[in-house]
Amino acid sequence: MTATTLDPTTALVVVDLQKGITALPTAHPSAEIVERSAYLADAFRERGLPVVLVRVTGDTPAPGRTEGPARRGEVPADWADLVPELGRRDSDIVVTKQQWGAFYGTDLDLQLRRRGVTQIVVTGIATSIGVESTARSAHEHGYHVTVAVDAVTDMDADAHRNSIEKIFPRLGETDTAEAIAKLL
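Quick caveat, the model's predicted, so the values are computed rather than measured.

Colleague: Explanation requested: the overall build of the protein in the structure shown.
Modeller: A count of helices and strands for the protein gives 6 helices and 6 strands. Counting from the amino terminus, the protein carries its helices and strands in the arrangement β-α-α-β-β-α-β-α-β-α-β-α. Against the globule reference of 16 Å for 184 residues, the protein gives a C-alpha radius of gyration of 15 Å, in line with a compact fold. On the principal axes, the C-alpha backbone points of the protein span a range of 45 × 35 × 30 Å. The proportion of buried residues among the 184 residues of the protein is 48%. For the protein, the proportion of contacts with a sequence separation of at least 24, taken over those separated by at least 6, is 85%. Of the accessible surface of the protein, which amounts to about 9,300 Å², a share of 49% is contributed by carbon and sulfur atoms. Side chains of the protein carry 19 positive and 26 negative charges; the gap between the two charge centres is 4 Å.

Colleague: Which parts of the structure should I look at to understand the sheet that holds strand E5 (residues 144–153)?
Modeller: Backbone-to-backbone hydrogen bonds join strands into a sheet, with any given pair of strands oriented parallel or antiparallel. One open sheet holds the 6 strands; their spatial order is E3-E2-E1-E4-E5-E6, and the pairing between them is parallel. Strands at the two margins of the open sheet, each flanked by one partner only, are strand E3 (93–97) and strand E6 (173–175). On average, each strand axis in the sheet is tilted by 25° relative to the strand beside it, whichever way the strands run. As defined by bridge partners, strand E1 (residues 10–15) adjoins strand E4 (residues 119–125) across 6 bridges and the pair is classed as parallel. Opposite leucine 12, over in E4, you have valine 121 as the bridge partner.

Colleague: Explain helix H5 (residues 157–171) here, please?
Modeller: Three- or four-residue spacings in an α-helix give side chains the same orientation, since the helix completes a turn every 3.6 residues. An ideal rise of 1.5 Å per residue puts 21 Å on 15 residues; H5 measures up with 20 Å between its terminal C-alpha atoms. Largest kink in H5: about 35°, centred on serine 163. Taken together, the buried positions of H5 are occupied by His160, Ser163, Ile164, Ile167, Phe168 and Leu171. Where H5 is buried, its residues meet helix H4 (127–140), E5 and E6. Where H5 begins, the side chain of aspartate 156 points an oxygen toward the backbone nitrogen of aspartate 158, at a separation of 2.8 Å.

Colleague: Help me understand the environment of serine 137 in this model?
Modeller: Note on placement: serine 137 falls in helix H4. Note on serine 137: relative accessible area 15%, which makes it buried. Taking C-alpha positions, serine 137 is 19 Å from threonine 153, a pair spaced 16 residues apart along the chain.

Parameters and conventions
- Residues numbered from 1 in each chain as written.
- Predicted model: local features only at pLDDT ≥ 70, side-chain atom pairs only at ≥ 80, totals over all residues.
- Heavy atoms only, no water.
- Helix = DSSP H or I, 4+ residues; strand = E, 2+ residues; numbered from the N terminus.
- Rg over C-alpha atoms; globule rule 2.2 N^0.38 Å.
- Buried < 20%, exposed > 50% of the residue type's maximum accessible area, 1.4 Å probe, protein only.
- Contact = heavy atoms within 4.5 Å.
- Areas by Shrake-Rupley, 256 points an atom, 1.4 Å probe, with all protein chains shown as cover.
- Lys, Arg positive; Asp, Glu negative; His and termini not counted.
- Charge placed at Lys NZ, Arg CZ, Asp CG, Glu CD.
- Pairing = 2+ DSSP bridges.
- Axes fitted to C-alpha atoms, helices over the stretch in contact; angles between N-to-C directions.
- Expected span 1.5 Å × (residues − 1).
- Bend = angle between axes of the 7 residues up to and from the residue.
- Polar contact = N/O pair within 3.5 Å; in protein donor to acceptor, adjacent residues only side chain to side chain.

So this is what it looks like as structure tokens:
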């Protein structure tokens, strides 16, 4: 669990730290995930590096059949609002997605490539869903991937652990938010 380097054009991608999702019960306190993500966002902004804030507004099921239920019912009006603790700036890129990952059906890849980004650092909720889908897609798009393992959590502790231990090391590097900030 050691990140070795960050490219000069690395972007931070914060996945689904919005009011409706941070209010869900998670394996690790969501307030800590938000705090560490905000810490990284500030560090990236101080260095003039892109910060991408991703939110999900849809409950659009992917094509095909699934056994698991999709989220249903009415959600509060502010459900998709990014949490204020992230300190959103005008310079931040906001991506609104309808699916699990931040790349599919959005202009995230275009936004990153226009800025010359070659690597992303990922934080957010849920580790095994939005974070993992985004990390997998970034890897498939040719980006170097680093996951801040203390800035991600899941509603399912076993799913979180599987992503951290089995999936992310195959997609890139992992480390703590503090260690990643020191590499900037």
